Amino acid sequence: MHTEKPKHDFEPKIIAFVCTWCTYAGADLAGTSRMQYPANVRVLKFPCTGRIDPVFIIKAFQQGADGILISGCHPGDCHYISGNYHARRRFAAFRKLLEFIGVDLNRIQFSWVSAAEGGKWVDVVTDLTERVRTMGPMVEFKDLALEEQWSGGLNSPDLQEIYEAM
Amino acid sequence: MTQPIDISGYTRITESIRTEAKRILSDGTVSAVIGYTHVRRKGSTQPILITNPDDSEKLFFSEGCLNNLVVYLTKSKKDVPKTGKIGIVVKGCDLKAVVGLLGESQLKREDIYLIGVPCNGVLGSLINPATELNTKTIAAKCRECTDRMPVGADFVPPVELAAMPQMEATYSDKIAKLEAMTPSERWEFWKEQFSKCIKCYACRQVCAFCYCEQCVCDRNRPQMVEQSPRPSGNFSWHLVRAIHLAGRCVGCAECERVCPMDIPLNLLNRKMAMEMKELFNSEAGFEVREKGPLNSYDEHDDESFIR
Ligand code: SF4
Ligand code: SF4
């Protein structure tokens, strides 16, 4: 009963930060309704979008994420009344910061997906996955993580000589 | 072309500060005054805290008074005696920091006595302290300053502001240049800058708004920001710093001044301030904001970026 899945050269890793009350339930609904969506997405459940700290996004990129999805309740539906309103401001600001330091914002998607919107969840995840797939791997943060470059690197000829003699 | 800046008013400001400090200390209005004093090296200055009215003569103001003294009022600097009202000398930008801290309930207005300075700018650095103040040596923040006359202070020396020559706006120009670059060029730029960071945290130490008892960057389990001074952890540190200060930073540029690695920290801060203005019409000023732009919201905020 499974449809044939096309083979791709690159399978992006998508990290989805979702709130437990709406989007998590929406994703769950998509699952129980047996809708198909890319298995590239790893869902992380939070109590509320207001709990999602911008530092989580940086961390996710450093740990190898190629795309990020942040999703929660529609405005007015927050279980904690205003968590998503605060998150909306915070991420409006944070994406500007990311853009300014040179992150391509096409890798980050924000959305409101309610507990009843299993279909929207599938659409959002599929679109993001395909978009990131065409963009290729996110290498910037990963490369940084591999770089040792201590401030006092072995960059003078004298030091290099001593180092080699050791 | 380099033009001199008229700071003839600073002598009268100095006299005024001395008289006022003497008065408030002797009549018991305040228990201490935080201000600036001379040091041995000509033109250089350092912060001083005086409690004796006779010490008022030690106070002065000059183009070398760079420090934002407000940092001595926040939580993490508890060594400043809090045995009563404290007098403090503030320039326009410093006063905005006081206002910000009042809004964040870190200070009570009745606990401080503000001596505001009509300010014609300060030097960019004290590396050569005996330098003349001109359009070249002036601090970058002063080139774009619009709040030179403190508003709402308890005492302001009766000195007129001198007219300032036309100066290019260093930060806005640089921001515009960066914005015109491609994302990967910007990434390269910041990568080079952030990679220099040695994580000495001087920028955090000097910031009036970094008053958290424990910084998220010092925590492990879970460790969100790698602590060693390597490119990866440096990026986290700088992004966290910028977002935590967004909507709060007043642009005193102390972080940038104290950075031993010459990282343009205030460039990020200014960029975020511009965004706060544009997105939420909120900016630091002389009026206490009960809530900053990032801890308040409007149901009609823009959400064009959200699907
Ligand atoms: S930024 Fe403005 S108030 Fe602050 S030192 Fe410069 S001129 Fe004075
Ligand atoms: S002062 Fe400069 S080198 Fe030190 S932690 Fe801050 S940015 Fe890094």
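I will try to describe carefully the structure that is included in this document. Sequence order sets the numbering: in each chain, residues are counted from 1 along the sequence as written. Working convention: letters from A go to chains and numbers from 1 go to ligands, in the order in which they are written. Restriction of local features to residues with pLDDT of at least 70 applies here, the model being predicted, together with a cutoff of 80 or more for giving and counting side-chain atom pairs; totals for whole chains, interfaces and linings are based on all residues. The side-chain numbers reported here are obtained from all heavy atoms of the structure, hydrogens and water having been left aside.

### Structural notes on the sheet that holds strand E1 (residues 32-38) of chain B
All names here are of chain B.
Thinking step 1. DSSP calls a pair of strands paired once it identifies at least 2 bridges connecting them. By the criteria applied, helices consist of DSSP H or I runs no shorter than four residues and strands consist of E runs no shorter than two, each listed in order from the N terminus. Here we have four strands laid out as an open sheet, ordered E2-E1-E3-E4, and mixed in their pairing. At either end of the open sheet lies a strand with only one pairing partner, and these are strand E2 (45-50) and strand E4 (112-116). Neighbour-to-neighbour, the strand axes of this sheet turn through a mean angle of 30°, independent of strand direction.
Thinking step 2. Bridging between strand E3 (residues 86-90) and E4 involves five bridges; their strand directions are parallel. The partner of Val-90 across the bridge, within E4, is Gly-116. Axes, fitted as lines to C-alpha atoms, cover a helix only where it is in contact. Angles between the N-to-C directions of the axes lie from 0 to 180 degrees.

### Focus: the packing of helix H3 (residues 83-101) of chain A against helix H5 (residues 183-195) of chain B
Thinking step 1. Between H3 of chain A and H5 of chain B, the shortest axis-to-axis distance is 7 Å and the interhelical angle comes to 90°. On the basis of the axis angle, H3 of chain A is roughly perpendicular to H5 of chain B. Counting all contacts with H3 of chain A, which are made through Glu-99, Phe-100 and Ile-101 of chain A, the residues of H5 of chain B involved are Arg-186, Trp-187, Trp-190 and Phe-194 of chain B.
Thinking step 2. Taken together, the residues that form the contact of H3 of chain A with H5 of chain B break down as five nonpolar, no polar and two charged. By the definition adopted for this analysis, an angle is roughly parallel if under 35 degrees, roughly antiparallel if over 145, roughly perpendicular if from 65 to 115, and oblique otherwise. Contacts between residues were defined by any pair of non-hydrogen atoms, one from each residue, lying within 4.5 Å. Gly falls in the polar group here, along with every residue not listed as nonpolar (Ala, Val, Leu, Ile, Met, Phe, Trp, Tyr, Cys, Pro) or charged (Asp, Glu, Lys, Arg).

### Observations concerning helix H7 (residues 231-245) of chain B
Thinking step 1. Expected helix span is computed as 1.5 Å times (number of residues minus one). Helix length check: H7 of chain B (15 residues) gives 21 Å between terminal C-alpha atoms against 21 Å at 1.5 Å per residue, within 8%.
Thinking step 2. Downstream of H7 of chain B by a residue or two, Gly-247 of chain B has a phi angle that is positive, lying close to 80°.

### Examining the site of ligand 2
Thinking step 1. Every one of the 14 residues lining ligand 2 counts as a neighbour, but Cys-197, Cys-200, Tyr-201, Cys-203 and Cys-259 of chain B are closest to it.
Thinking step 2. Elements represented by at least two residues in the shell around ligand 2 include exactly helix H6 (202-206) and H7 of chain B. The criterion for a residue being near a molecule or strand is simple. One of its heavy atoms has to lie within 4 Å of it.

### Remarks on a nonpolar patch on the surface
Residues and elements named next belong to chain A.
Thinking step 1. Nonpolar side chains collect at one region of the surface, where Leu-159, Ile-162, Tyr-163 and Met-166 lie side by side and expose about 470 Å² of accessible area between them.
Thinking step 2. Topologically, Met-166 is positioned in the segment after helix H6 (157-165).
Thinking step 3. Each residue gets one of three labels from its accessible area relative to the maximum for its type: buried under 20%, exposed over 50%, partly exposed in between, using a 1.4 Å probe on protein chains only. According to the relative accessible area criterion, Met-166 is exposed, its value standing at 75%. Each patch is built from residues that are more than 30% exposed by relative accessible area and take part in no salt bridge. Like charges join if they lie within 9 Å; nonpolar side chains (Val, Leu, Ile, Met, Phe, Trp, Tyr) join within 5 Å. Residue exposure ignores everything except the shown protein chains as possible cover, and the areas themselves are Shrake-Rupley values with a 1.4 Å probe. Each reported salt bridge corresponds to a side-chain nitrogen of Lys or Arg within 4 Å of a carboxyl oxygen of Asp or Glu.

### A few points about the state of the cysteines
All names here are of chain A.
Thinking step 1. When two cysteine sulfur atoms are found within 2.5 Å, that pair is recorded as a disulfide. Tallied over the entire structure, the rule returns one disulfide over all chains.
Thinking step 2. One disulfide in the model links Cys-22 with Cys-73; its S-S distance is 2.3 Å. The disulfide joining Cys-22 to Cys-73 has a torsion of about 100° about its S-S bond and is therefore right-handed. Of this pair, Cys-22 sits in the loop between strand E1 (14-19) and helix H1 (23-32) while Cys-73 sits in the loop between strand E3 (67-72) and H3, and the two are 51 residues apart along the sequence.

### Regarding the nonpolar core
Thinking step 1. Within the largest apolar cluster, 63 residues are counted, with the highest numbers of intra-cluster contacts made by Phe-17, Phe-61, Ile-68, Phe-91, Ile-101 and Phe-141 of chain A.
Thinking step 2. Sort the elements by how many residues they give to this core and H3 of chain A lands first, with nine residues.
Thinking step 3. Those residues in contact with Ile-101 of chain A, other than ones at most four positions away along the chain, are Arg-186, Trp-187, Trp-190, Phe-194, Phe-235, Leu-239 and Leu-268 of chain B. Only buried residues count toward a nonpolar core, which is a set of Ala, Val, Leu, Ile, Met, Phe, Trp, Tyr and Cys residues joined through side-chain atoms within 4.5 Å.

Interpretation in functional terms is not warranted from these geometric data alone.
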